[in-house]
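The residues making up each chain are set out below.
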Amino acid sequence: MQADALDLPTERFALTYSKLGDIYGPISWFVVPGLTIVALNTYDAMYELLEKRGSKYTDRPRATMLQDLIGMEFITPFRQGDHTWRLHRKLLRTALSATTVRQTYSALFISSAQSYLKSLSRQPEMFLPNLKRSIGETISELTYGVHKDDRGNDYVDKQEELLVYSKLAAAGYLVDLFPILKRVPSWFPGAQFRRDAKKWREHLFRLRALMVAGIEDRMSSSEGHPSYVVNMLESLQKRHAETGADITENIQAVYDSGFSFYQAGADTTEITVRSFLLAMTLFPDAQARARAEIDCVIEAGRYPDFSDQSEMPYLHAVVLESLRWNPPGPL
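Residues numbered from 1 in each chain as written. Predicted model: local features only at pLDDT ≥ 70, side-chain atom pairs only at ≥ 80, totals over all residues. Heavy atoms only, no water.

1. Observations concerning the overall build of the protein chain
Let me state the cut-off plainly: Comment: elements are numbered from the N terminus, with helices defined as DSSP H or I runs of at least four residues and strands as E runs of at least two. Should any heavy atoms of two residues lie within 4.5 Å, those residues are counted as being in contact. All accessibility values rest on the Shrake-Rupley procedure with a 1.4 Å probe; residue burial counts only the protein chains present in the view. When charges are counted, Lys and Arg contribute as positive and Asp and Glu as negative, whereas His and the chain ends are disregarded. One atom stands in for each charge, and that atom is NZ of Lys, CZ of Arg, CG of Asp or CD of Glu.
What the protein chain contains, in helices and strands, is 13 helices and two strands. Its C-alpha atoms give the protein chain principal-axis dimensions of about 60 × 50 × 45 Å. Partitioning the intrachain contacts of the protein chain with sequence separation of at least 6 by distance along the chain shows that 59% fall at a separation of at least 24. Entry remark: accessible area of the protein chain is about 19,800 Å², with carbon and sulfur atoms responsible for 58%. In the protein chain, 38 side chains carry a positive charge and 41 a negative one; their mean positions are 4 Å apart.

2. Re the packing of helix α12 (residues 284–297) against helix α13 (residues 313–325)
Angle between the axes and distance between the axes are the two parameters that describe a pair of packed helices. To be explicit about the condition: Between N-to-C directions, angles span 0 to 180 degrees; the directions come from axes that are lines fitted to C-alpha atoms, helices contributing only their stretch in contact. Roughly parallel here means an angle under 35 degrees, roughly antiparallel means over 145, roughly perpendicular means 65 to 115, and every remaining angle is called oblique. Crossings are sorted by hand: turned counterclockwise from the far helix by less than a right angle, the near helix makes the crossing left-handed, and turned clockwise it makes it right-handed. Put simply, Ala, Val, Leu, Ile, Met, Phe, Trp, Tyr, Cys and Pro go in the nonpolar bin, Asp, Glu, Lys and Arg in the charged bin, and everything else, Gly too, in the polar bin.
The N-to-C vectors of α12 and α13 enclose an angle of 140°; their axes lie 8 Å apart at closest approach. When the interaxial angle is binned, α12 and α13 end up oblique. Of the two possible hands of crossing, α12 and α13 adopt the one that is left-handed. Mapping the contact onto sequence places A286, R289, A290, E293 and I294 in α12 and P313, Y314 and L315 in α13. Residue composition of the contact of α12 with α13, by class: six nonpolar, no polar and two charged.

In structure tokens form, the structure reads like this:
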């Protein structure tokens, strides 16, 4: 059923779409300039379109500012559902499975968590800025094996710059509604969006080249920690040596999917941890019970690690409940 565009919500989207489902049925669509929105309001409708016919609906909406003008079309979340996107997904599914993450990166996560806890005792008033920094460093280490290079380039700061203008561009520009405006020259009055895009595009591709050069340098000198990009490249090189297979496309897919980590994970991970901290503040009884479980399992003088997880079911349930209570994505 086609709904009136005037019914489109401006806030609390999920609740509004749910109410519209009662009026228009399980599948509703809204047509606004430059965009068609489909709202699915029942499990059966979601399963039919997204699971049974998933291959038809994997494309993302095309964002002219982000993809065409700034050049972010190579980043995994912004790719269309083409062969390259499926290759990204295959690489990520293999490298970031729960088993692989636990075996390969658990030491990194434990070390990062311990460093953050120590910062809480030194600078309790900085618990949120230090949280952002800790998560940024962890994602960079996970992706590239380091969070800064020998030339003084701080990957976290540079990725944060990218994240800032990604959000600005994603907030919506007139060119997203009227893509033909991308042909307007940058000197034209009112074409500030073209000048912004040019500046951000230059930063994006400088950063992309910097990350690739850093990986190549560290691999040639065997420096850095195990990381997604290095591990996947070494696996591809081994396959090439054994079979002679052409791995050019796969190498580019590894670099581009790795470049997506910070964009995809920094904000959502930070929001998840902040929600947990907020929940522990608002529900002191739950906090006390979780702390009692930790004290019962973890002897004095050591930090928890992944081997303790199965012995702390209440803490695990609290973490899951914080995700349900305040999900990091606008579900």
